[in-house]
Amino acid sequence: MRVRCIVYDQVNLLDVAGPAQVFAASGQLQQDVNIAFQTCSVRGGEIMSDTGVAVTSQRLREVPGHADITLVPGSAMVEQHLNDTSLLTAIRQQAQTSTLVASVCTGSLLLARAGLLANKQAATHWRFVTLLQEEAADICVDEDAIFVEDDDVWTSAGVSSGIDMALALVQRFWGRRLALEVAKELVVPMVRSGGQKQFSTLLTLQSQDNSGRFNDLNAWIHDNVDADCRVEALAEKCGMTPRSFARHYRAAVGETPARMVELIRIDRARNLIETGEMEFGEIAAFCGFKSANQLRLSFERVHGVSPSVHRSAFR
């Protein structure tokens, strides 16, 4: 099997290296699995990644044969490439001769601009969901998905989700047993419970507040989740009346204070659940919940899975 990864200036290095490592480990663990991972670009030669580490690439025009999988990684600077006709044409041409096309992170924006996500379901980094949706009204963006498979087009969320998607591709072509062995070898969960929102709670709240007015308050709650976080107490910390605080907070952040407190408490609880070192009752008390049952109900409401199921994915 040939996997052709199309790289470009300021490409995210992990978007490339993560899937590459999964495919390499597959071949190392099972002798009959032969995967050629090729890094290619429009111009060929060294392509500088966003880390300052150069990626060696072959010139696409000079690479013989077709690819089984065309992989398009993302970049924090992807918007600078959305009008690069040479890159978009190359992606489109490679996709037409590939069995399957896949993107990591914001690589989905390049697929969309190349016309490859028309009437498709897709995923992307949580911070670029709106931008992807604006690319075309006929794209159905799943803002919480780790990765999405829609026929012969696969898209994944932020950065490390490329590893999740690559493991799923290994399972599709060579079976679950090999995918599990690769996951163990790389010390990553085979399937992550919940969605990508679980990894961005505080960052989302802070990025939504363009004024930065409540960043310090959010950070304080994150560090004091077991404290009194009722609206009255938070309003007092901000020197505002409860009614005024609630109105201004929601206008700035897009969440009610009560919802924000729940999200931040669950964010702290999630980290403790994953370590497996504390009982659920202890975690509940530490994170400001009245009981383990309240923690469970809140966790399921936010992530769609129970704390015990989430913990099992990290054992």
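One structure accompanies this document, and this report is about it. (Residues numbered from 1 in each chain as written. Predicted model: local features only at pLDDT ≥ 70, side-chain atom pairs only at ≥ 80, totals over all residues. Heavy atoms only, no water.)

Looking at the pattern of salt bridges
With the rule as written, the count across this model stands at 11 salt bridges. Where R113 meets E135, a salt bridge forms, and the shortest distance between an N and an O atom there is 2.8 Å. With a gap of 22 residues between them, R113 in helix α3 (residues 107-113) and E135 in helix α4 (residues 129-135) connect regions that are remote in the sequence. The salt bridge partner of R259 is E262, with a shortest N-O separation of 2.9 Å. On the criterion of helical spacing, the pair formed by R259 and E262 is a turn pair, its members being three residues apart in helix α11 (residues 257-275). Of the residues examined, R259 reaches a relative accessible area of 27% and is grouped as partly exposed. Through salt bridges with shared partners, a single ionic network connects K120, D151 and D152. (Salt bridge = Lys/Arg side-chain N within 4 Å of Asp/Glu carboxyl O. Helix = DSSP H or I, 4+ residues; strand = E, 2+ residues; numbered from the N terminus. Buried < 20%, exposed > 50% of the residue type's maximum accessible area, 1.4 Å probe, protein only.)

Focus: the pairing of strand β9 (residues 147-150)
By the alternation rule, side chains of β9 split into V148 and D150, which are all buried, and F147 and E149, of which none is buried. The pairing of β9 with strand β10 (residues 153-156) spans four bridges and is classified as antiparallel. Bridged to E149 within β10 is W154. What sits between β9 and β10 in their antiparallel hairpin is a turn of two residues, with D151 showing a positive phi close to 60°. (Pairing = 2+ DSSP bridges.)

Side note on the sheet that holds strand β6 (residues 100-103)
The pairing of strands in a sheet comes from backbone hydrogen bonds and takes either a parallel or an antiparallel form. Taken in spatial order, the eight strands of this open sheet run β3-β4-β2-β1-β5-β6-β10-β9, and their pairing is mixed. Every interior strand has two partners, whereas the edge strands, β3 (45-48) and β9, have only one. Strand-to-strand twist across the sheet, computed as the mean angle between neighbouring axes with direction ignored, equals 30°. In the packing of helix α1 (residues 13-29) onto the sheet, contacts are made with β1 (2-6), β2 (36-41), β4 (54-59) and β5 (69-72), and the angle to β2 comes to roughly 160°. On top of the sheet, helix α5 (residues 161-174) reaches β5, β6, β9 and β10; it is set at about 150° to β10, its chief contact. (Axes fitted to C-alpha atoms, helices over the stretch in contact; angles between N-to-C directions. Contact = heavy atoms within 4.5 Å.)

So, the side chain of R265
Within the fold, R265 resides in helix α11. In this structure R265 is buried but unpaired, with D228 as the nearest side chain of opposite charge at 6.6 Å. Within the structure, R265 has its side chain in polar contact with the backbone oxygen of C287 (distance 3.3 Å). Setting aside its immediate chain neighbours within four residues, R265 contacts V225, A227, C229, C287, G288 and F289. (Lys, Arg positive; Asp, Glu negative; His and termini not counted. Polar contact = N/O pair within 3.5 Å; in protein donor to acceptor, adjacent residues only side chain to side chain.)

Thoughts on helix α2 (residues 85-96)
With 12 residues, α2 should reach 16 Å at 1.5 Å per residue; the first-to-last C-alpha distance of 16 Å fits that figure. All buried positions along α2 are accounted for by L87, L88, A90, I91, Q94 and A95. All buried residues of α2 project into a common sector of 160° when viewed along the axis, lining one side. More than 90 degrees from the buried face of α2, the exposed residues found are T85 and Q96. Packing partners of the buried residues in α2 comprise β1, β5, β6 and α3. For α2, the N-terminal capping position is held by D84, with its side-chain oxygen 3.2 Å away from the main-chain nitrogen of S86. (Expected span 1.5 Å × (residues − 1). Arc of directions from axis to C-beta.)

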